[in-house]
Amino acid sequence: MAAALERPSLTALGQPGARSRDKLARIPVRVEPAAGAALPKPPWLRARPMMSAAVADMAAVLRDHRLHSVCEEAMCPNIGECFAQRTATFMIMGGLCTRRCPFCDVAHGRPEPLDPDEPARLAAAAAALGLRYVVITSVDRDDLRDGGAAHFAACIAAVRASVPGIGVEVLTPDFRGRVARALDALSSAWPDVFNHNIETVPSLYRAARPGADYRGSLELLVQAKAARPTLVTKSGLMLGLGECDDEVRDTLRDLRAHEVDVLTLGQYLAPSAHHLPVRRYVSPDAFAAWRDEALALGFREVVAGPLVRSSYHAADLLADA
């Protein structure tokens, strides 16, 4: 889920993204802004200050191990809080995505070949940071036959070998129709939590997720559960892209029908004027009501709020679920 708040520069933090990003690659699909002035941000959209000693220390470890953090690449508004808690979501398989989703600020372009040393570096960073829980996500890698699933498995195995007892969550792409191949690759090293974001309601897929398929994402989630019944499955939506409440309800019902256990709901924030515009801001009270409604549908745990993102309090959610 993308966000648009001030962040420290990747160059200042020594991130690998500062070296790998081509400025042209950061320009998303052109999206015409909504008619009229942009919606003013409401007062509840206030993230904690991002710069701190913990943020700098975490960035230094990522730099030393030549790793990407989705916390910075996707401009997450909770970066200061999560880094201070020694929690991070690692983004594997490089910093360039093969898709150009117009809600997302991750760079796109032609990615480099997979780095076989990345799993070992990821494991070493998790150990150096003293993590008890790690979230591993990736850019879309439609250039790979398994969408990068085998690389996910290698990273999971390496982290577990380096940090015994660590909890592992993956936030995967949709693998673009290669679900059976991807899950077969993951079967060598299942995570504790399998997360794949549905992102938005079906009517907005063409605008928000070009190249993705709503039903395909649901099938990925339910097939992961079928392949590993003890797996905690998880998904998330952004609100504010133009969906109506009944569409959100239908999507939540679809997720439960496909045996999703944990749900995250957050406010969409446009990274720039050239991304999809925010159509509405959802109040904290409304998010609280959505949480109650989702729990009533049977989700084991739901976290909902304006600044909630996919990996927010991920370790706590697993404990509660």
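Below or above, wherever it landed, is the structure these notes cover.

Analysis parameters
Residues numbered from 1 in each chain as written. Predicted model: local features only at pLDDT ≥ 70, side-chain atom pairs only at ≥ 80, totals over all residues. Heavy atoms only, no water. Helix = DSSP H or I, 4+ residues; strand = E, 2+ residues; numbered from the N terminus. Contact = heavy atoms within 4.5 Å. Areas by Shrake-Rupley, 256 points an atom, 1.4 Å probe, with all protein chains shown as cover. Pairing = 2+ DSSP bridges. Axes fitted to C-alpha atoms, helices over the stretch in contact; angles between N-to-C directions. Phe/Tyr/Trp six-rings, centres within 6.5 Å; stacked < 30°, edge-to-face > 60°. Buried < 20%, exposed > 50% of the residue type's maximum accessible area, 1.4 Å probe, protein only. Lys NZ or Arg CZ within 6 Å of the ring centre and 35° of its normal. Right-handed = clockwise from strand over helix to strand, strands pointing away.

Tallying secondary structure elements over the protein gives 13 helices and 8 strands in all. The contacts of the protein with a sequence gap of at least 6 include a subset with a gap of at least 24, amounting to 79%. Accessible area for the protein stands at about 13200 Å²; split by element, carbon and sulfur atoms hold 53% of it.

Taking strand neighbours across the sheet as the criterion, the 8 strands line up as 1-2-3-4-5-6-7-8 in an open arrangement whose pairing is mixed. The strands lining the two open edges of the sheet, one partner per strand, are strand 1 (68-69) and strand 8 (301-305). Across 5 bridges, the pairing between strand 3 (residues 133-138) and strand 4 (residues 167-171) is parallel. What sits directly across from Ile136, in strand 4, is Val170. Helix-sheet contacts for helix 11 (residues 245-257) involve strand 6 (232-239) and strand 7 (262-267), and the interaxial angle to strand 6 is about 170°.

To continue, consider the packing of aromatic side chains. Aromatic rings considered in pairs are described by the distance between their centres and by the relative angle of their planes. Evaluated as defined, the whole model comprises 1 aromatic pair. A ring pair is formed by Tyr205 and Tyr214, whose centres lie 5.6 Å apart and whose planes are at 90°; its orientation type is edge-to-face. Overall, the relative accessible area of 5% leaves Tyr205 in the buried class. Here Tyr214 falls in the buried class, since its relative accessible area comes to 7%. Sitting over the ring of Phe299, Arg256 keeps its end group 5.6 Å from the ring centre.

The next thing to look at is the pairing of strand 2 (residues 89-92). Here strand 2 shows two buried faces, one formed by Thr89 and Met91 and the other by Phe90 and Ile92. Examined bridge by bridge, strand 2 and strand 3 share 4 bridges and lie parallel to one another. Along strand 3, the bridge assignment pairs Ile92 with Ser138. Handedness of the crossover joining strand 2 and strand 3 through helix 6 (residues 118-129): right-handed.

Coordinates in, geometry out; function isn't part of it.
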